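Structure at a glance
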Amino acid sequence: MSATPAPVLSPDAAAFYAAQSPFSTPGDLASRYAGLPADPAELARVVRDLLIHRGEGELFRHTHPADRLHNDAETRYVDDILRIIVERDDAPLTGRRDVGDRFVGVCRDFALLHCSLLRHMGVPARIRSGFADYFRKNGADYFHVDHVVTEYWDEDKGAWALADAQLADPSITGGWDVDFDPMDVPRDRFLVAGEAWRAIREDGADHRAFGLHPPEEGPFWGERFVAGNVRLDLAALNKVETLLWDVWGEEDGEPGQPLSEADRELYDRAAPVVSGEVSYEAARRLFAEDDTLRTPDTVTCFAPFNGKSRVTLRR
């Protein structure tokens, strides 16, 4: 029996993922990246020390000011995130910020800033949307929580690795089920969205075990939510790294309601493209050719605190 060939990163894919996107570019704040470490793990710790998650106030014994809680994570672009960070504390980015001076973001912001730093160092990187089983949710150990991580090309291993910059400070992960290297998150602990969809559709996994929260806490769970993450993940693989609540190509129906058979068939076709060893060419082709999955110039944003709006994206 022949050995399974190791994944190969084509020159086109390497160049694409090592270049900044309109979302990840530091823009006129690129000079702030001078003096940063080159090691991916050290860059993850830089990110961790600049940001705090919206939901981590209690963990840090800190109350987020309402304006930051509501508005920071509505910042789509890394240059604007950096601008907020340095306005609050003008120290070099390697300086650990006091909790009250950090950018109040969500998992997408940790992953995107880490991705930006990696790309600046010439490392191919992309963000991935999916579901983690290591954030315990009110004792619901079965539940897979909506989450975003960075995927970067590990040259030493010759493979893509998942990295979770939100876990880069070991002093704050004691309450979470983290028994692995945050720079190499096991693929069975974080399921990319396509894998989660296929687990539900092909393997009989309970769709109620995937979402922003368990079903008893609200409507953001289940197959419709997972389908939305497939759409987000395909966009991110094409370096369109939107907010998690930016919506487009959305089928009719309220959160938590079943999808139509036509919609299920669409995601049945899309999920294999964003699963396993992703084909760069296939992901680019699907995004270019499918009008429902491709991100339009203007999306609908369902901001958790600020409400619904229409937003034209930077290109």
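Here's what I pulled together on the structure shown here. This structure is a prediction, so every number in the text was calculated from the model and none was measured. (Residues numbered from 1 in each chain as written. Predicted model: local features only at pLDDT ≥ 70, side-chain atom pairs only at ≥ 80, totals over all residues. Heavy atoms only, no water.)

1. Quick word on the overall build of the protein
- On a plain count of helices and strands, the protein comes out with 9 helices and 10 strands.
- Over its C-alpha atoms the protein spans a radius of gyration of 19 Å, differing by no more than 12% from the 20 Å that the globule rule assigns to 315 residues.
- Each principal axis of the C-alpha distribution contributes one length, and for the protein these read about 55 × 50 × 40 Å.
- Within the protein, buried positions represent 55% of all 315 residues.
- The long-range fraction of contacts in the protein, counting pairs at least 24 apart against all pairs at least 6 apart in sequence, stands at 70%.
- Summing over all exposed atoms, the protein offers an accessible surface of approximately 13800 Å²; the carbon and sulfur share of this is 50%. (Helix = DSSP H or I, 4+ residues; strand = E, 2+ residues; numbered from the N terminus. Rg over C-alpha atoms; globule rule 2.2 N^0.38 Å. Buried < 20%, exposed > 50% of the residue type's maximum accessible area, 1.4 Å probe, protein only. Contact = heavy atoms within 4.5 Å. Areas by Shrake-Rupley, 256 points an atom, 1.4 Å probe, with all protein chains shown as cover.)

2. Regarding the pairing of strand β4 (residues 144–154)
- Most of β4 sits out of view: 11 of its 11 residues are buried.
- Here strand β3 (residues 125–132) pairs with β4 via 8 bridges, running antiparallel. Among the inter-strand pairings, Arg126 is bridged to a residue of β4, identified as Glu151.
- The pairing of β4 with strand β7 (residues 210–211) spans 2 bridges and is classified as parallel. What sits directly across from His144, in β7, is Phe210.
- Relative to strand β5 (residues 159–163), β4 runs antiparallel, the two sharing 5 bridges. From the neighbouring strand, Trp153 faces β5, where its bridge partner is Trp160.
- Here β4 hands over to β5 after 4 residues, with Gly158 in that stretch at a positive phi of 65 degrees. (Pairing = 2+ DSSP bridges.)

3. Some points on empty space enclosed by the protein
- A full pass over the atoms with the stated rule returns 1 cavity of 30 Å³ or more.
- Contributing to the lining of the largest cavity are Ile127, Ser129, Leu232, Ala236, Val240, Glu241, Thr242 and Leu244.
- Those elements giving two or more residues to the lining of the largest cavity turn out to be β3 and α7 (222–237).
- Partitioned by chemical class, the residues of the lining of the largest cavity number 5 nonpolar, 2 polar and 1 charged. (1 Å grid on protein atoms, 1.4 Å probe; cavity = no way out; pocket = protein on both sides within 12 Å on 5 of 7 lines; lining within 4 Å. Points joined across faces, edges and corners; volume = space filled by probe spheres on them. Nonpolar A, V, L, I, M, F, W, Y, C, P; charged D, E, K, R; others polar.)

4. Remarks on helix α9 (residues 280–289)
- All buried positions along α9 are accounted for by Tyr280, Ala282, Ala283, Leu286 and Phe287.
- Buried residues belonging to α9 abut α1 (11–18), α7 and α8 (261–270).

5. Some remarks on the environment of Arg45
- Summarising the element assignment, Arg45 is placed in helix α2 (residues 40–50).
- Look at Arg45 and you get partly exposed, because its relative accessible area is 30%.
- Excluding residues within four positions of it along the chain, Arg45 makes contact with Arg96, Ala168, Asp169 and Pro170.

6. Here we look at the pattern of salt bridges
- Scanning all chains against the criterion turns up 30 salt bridges.
- Two residues, Asp246 and Arg76, come together in a salt bridge whose shortest N-O distance is 2.7 Å. Of this pair, Asp246 sits in strand β8 (residues 246–247) while Arg76 sits in the loop between α3 (66–71) and α4 (78–88), placing them 170 residues apart in sequence.
- Across the pair Glu241 and Arg119 runs a salt bridge whose closest N-O atoms are separated by 3.1 Å. On the criterion of sequence distance, the pair formed by Glu241 in the loop between α7 and β8 and Arg119 in helix α5 (residues 107–120) is long-range, its members being 122 residues apart.
- On the basis of relative accessible area, Glu241 is assigned to the buried category, the value being 0%.
- A relative accessible area of 3% places Arg119 in the buried class. (Salt bridge = Lys/Arg side-chain N within 4 Å of Asp/Glu carboxyl O.)

7. A look at the packing of aromatic side chains
- Summed over the entire model, instances satisfying the criterion amount to 12 aromatic pairs.
- Ring centres 5.0 Å apart and planes at 75 degrees place the aromatic pair Phe16 and Tyr17 in the edge-to-face group. Each member of the pair Phe16 and Tyr17 is classed as buried.
- On the numbers, 5.4 Å between centres and 55 degrees between planes, the contact of Phe16 with Tyr280 is tilted. In this pair, Phe16 sits in helix α1 while Tyr280 sits in helix α9, placing the two residues 264 residues apart along the sequence.
- Residue class for Phe16 comes out buried when judged on its relative accessible area of 14%.
- Assessed through its relative accessible area of 16%, Tyr280 is described here as buried.
- Grouping aromatic residues by their ring pairs yields a cluster made of Phe16, Tyr17, Trp153, Trp160 and Tyr280. (Phe/Tyr/Trp six-rings, centres within 6.5 Å; stacked < 30°, edge-to-face > 60°.)

8. Re the side chain of His53
- Tracing the backbone shows His53 in strand β1 (residues 51–53).
- Once you skip the residues sitting within four places of it in the chain, His53 turns out to touch Arg48, His64, Gly105, Val106, Cys107, Phe110 and Gln166.

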